[in-house]
Amino acid sequence: DMMKEVSGLKDLERKIKSLLDIKDVIVVAGDSDLSPWVKKEMGRACVACMKERLTSQSIVAVTGGTTLAAVAEMMTPELKQIDILFVPARGGLGEDVKNQANTICARMAEKAMGNYRLLHVPDQLSDEAYQSMIEEPAIKEVLDLIRSSNMVIHGIGDAITMAERRKTASEEIEKIKQRRAVAEAFGYYFNQEGEVVHKVKTMGIQLEDVKKVEHVIAVAGGASKAKAIKAYMKQAHHSVLITDEGAARELIRE
Ligand code: BG6
């Protein structure tokens with residue numbers, strides 16, 4: 001649109017798209033590190049992006065995080081026509097309730113007047129408990145829905161910030177640091193090259209599944225996330241990135 005062309009955001013979008021070599025990029029004005037409302041603007045852009053890409057009867061898998069919480073707040077009832085079923089992308093990752101995928105999934109569905117299903121699994125599971133839980137019919141059913149989702153919307157975080165926020169055990173944090181993780185998304189930690197160096201064990205969508213999903217939208221902004229965005233996108237070329245000017249300008253500077 002005209003406003004974006006005039007403000008130079010379109011130019012930023014083109015630059016970031018070719019720099020990261022990804023499907024599409026949307027850049028909103030501002031820096032979410034400095035102004036919290038910028039997350040809502042990314043949310044608004046994300047909802048528009050969903051509307052453009054979804055047809056009827058869709059399953060949308062979402063992660064947790066403060067950015068996704070802002071996306072949920074911007075969801076509109078017009079999406080009702082599409083008939084969306086919202087599901088959490090993965091099980092417990094060690095987040096506070098307000099940041100959990102289940103919480104955000106339910107909120108999104110409420111705002112979009114869609115339906116939702118939740119995944120009730122504990123954060124830390126022994127192998128044994130894990131094996132028996134995935135056989136539980138009620139859980140299996142939700143896992144099948146998650147696996148057949150045609151859209152995934154997720155956040156991207158700085159690796160250490162996320163590990164600390166999740167109150168990860170100190171040995172695990174050490175491992176994450178030693179392996180030079182810089183990015184985190186849905187429980188996977190990535191190094192600068194975009195290689196997985198650690199992952200939180202939980203059920204739900206796995207990285208291999210994400211690569212097969214038709215529409216993947218990553219929503220992440222703020223100059224402090226530039227490194228993380230760059231690293232994550234190295235292995236996510238078929239994703240759409242919704243970011244802000246703060247992150248975009250920092251990405252170009254790097
Ligand atoms: C988590 C997601 O809940 O939120 C991650 O699972 C993401 O994919 C993180 O890295 C980002 O959180 P925030 O609060 O920075 O949006």
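Report on the accompanying structure. This one's a predicted model, so the numbers in the text were calculated from it and none came from an experiment.

1. Things to note about helix α4 (residues 66-74)
Link 1 in the chain: Among all positions in α4, only T67, L68, A70, V71, A72 and M74 are buried.
Link 2 in the chain: Those residues of α4 that are buried are in contact with α3 (37-53), β2 (58-62), α5 (101-112), β5 (151-155) and β10 (215-219).

2. Some details on the sheet that holds strand β7 (residues 181-185)
Link 1 in the chain: The strand order across the open sheet formed by four strands is β6-β7-β8-β9, and the pairing between neighbours is antiparallel. Each end of this open sheet is capped by a strand with a single partner; those strands are β6 (157-158) and β9 (196-199).
Link 2 in the chain: Summarising the sheet, strand β8 (residues 188-191) and β9 pair through three bridges and their orientation is antiparallel. Across the sheet, F190 pairs through a bridge with V196, a residue of β9.
Link 3 in the chain: Most of the contacts of helix α9 (residues 170-178) go to β9, to which it runs at about 170 degrees, and overall it touches β7, β8 and β9.
Link 4 in the chain: Its contacts with the sheet put helix α11 (residues 226-233) on β6, β7 and β8, and the angle it makes with β7 is roughly 75 degrees.

3. Focus: the packing of α3 against α4
Link 1 in the chain: Between α3 and α4, the shortest axis-to-axis distance is 8 Å and the interhelical angle comes to 60 degrees. Relative to α4, the element α3 lies oblique. Between α3 and α4 lies a crossing of right-handed hand. Within the contact between the two elements, α3 uses K39, K40, M42, G43, R44, C46 and V47 and α4 uses T66, T67, A70, V71, E73 and M74.
Link 2 in the chain: Of the residues assigned to the contact of α3 with α4, the class counts are six nonpolar, three polar and four charged.

4. Section: the site of the ligand
Link 1 in the chain: T66, T67, E184, F186 and K225 are the nearest of the 17 residues found near the ligand.
Link 2 in the chain: The separation between an oxygen atom of the ligand and a polar main-chain atom of G64 is 3.2 Å.
Link 3 in the chain: Within the complex, the protein chains bury 96% of what would otherwise be the 400 Å² of accessible surface of the ligand.
Link 4 in the chain: One can see that the ligand is located within the largest pocket.
Link 5 in the chain: Contributing elements (two or more residues each) for the shell around the ligand: α4, α8 (159-165) and β7.
Link 6 in the chain: Its residues assigned to classes, the shell around the ligand comprises five nonpolar, seven polar and five charged.

5. As for the side chain of S239
Link 1 in the chain: Locating S239 in the fold gives a position in the loop between α11 and β11 (240-244).
Link 2 in the chain: Note on S239: relative accessible area 1%, which makes it buried.
Link 3 in the chain: Other than its neighbours up to four places away in sequence, S239 contacts I22, K23, D24, V216 and M233.

6. Quick notes on the environment of R165
Link 1 in the chain: By the element assignment, R165 lies in helix α8.
Link 2 in the chain: Of the residues examined, R165 reaches a relative accessible area of 28% and is grouped as partly exposed.
Link 3 in the chain: In sequence terms R165 and C46 are 119 residues apart; their C-alpha atoms lie 25 Å from each other.
Link 4 in the chain: When near neighbours in sequence (up to four residues on either side) are disregarded, R165 contacts G65, T66, G94, E95 and N99.

What counts, and where the lines are drawn
- Residues numbered from 1 in each chain as written.
- Predicted model: local features only at pLDDT ≥ 70, side-chain atom pairs only at ≥ 80, totals over all residues.
- Heavy atoms only, no water.
- Buried < 20%, exposed > 50% of the residue type's maximum accessible area, 1.4 Å probe, protein only.
- Helix = DSSP H or I, 4+ residues; strand = E, 2+ residues; numbered from the N terminus.
- Contact = heavy atoms within 4.5 Å.
- Pairing = 2+ DSSP bridges.
- Axes fitted to C-alpha atoms, helices over the stretch in contact; angles between N-to-C directions.
- Parallel < 35°, antiparallel > 145°, perpendicular 65-115°, else oblique.
- Left-handed = near helix turned anticlockwise from the far one by under 90°.
- Nonpolar A, V, L, I, M, F, W, Y, C, P; charged D, E, K, R; others polar.
- Near = heavy atom within 4 Å.
- Polar contact = N/O pair within 3.5 Å; in protein donor to acceptor, adjacent residues only side chain to side chain.
- Areas by Shrake-Rupley, 256 points an atom, 1.4 Å probe, with all protein chains shown as cover.
- 1 Å grid on protein atoms, 1.4 Å probe; cavity = no way out; pocket = protein on both sides within 12 Å on 5 of 7 lines; lining within 4 Å.
- Sits in = over half its atoms within 2 Å of the grid points.

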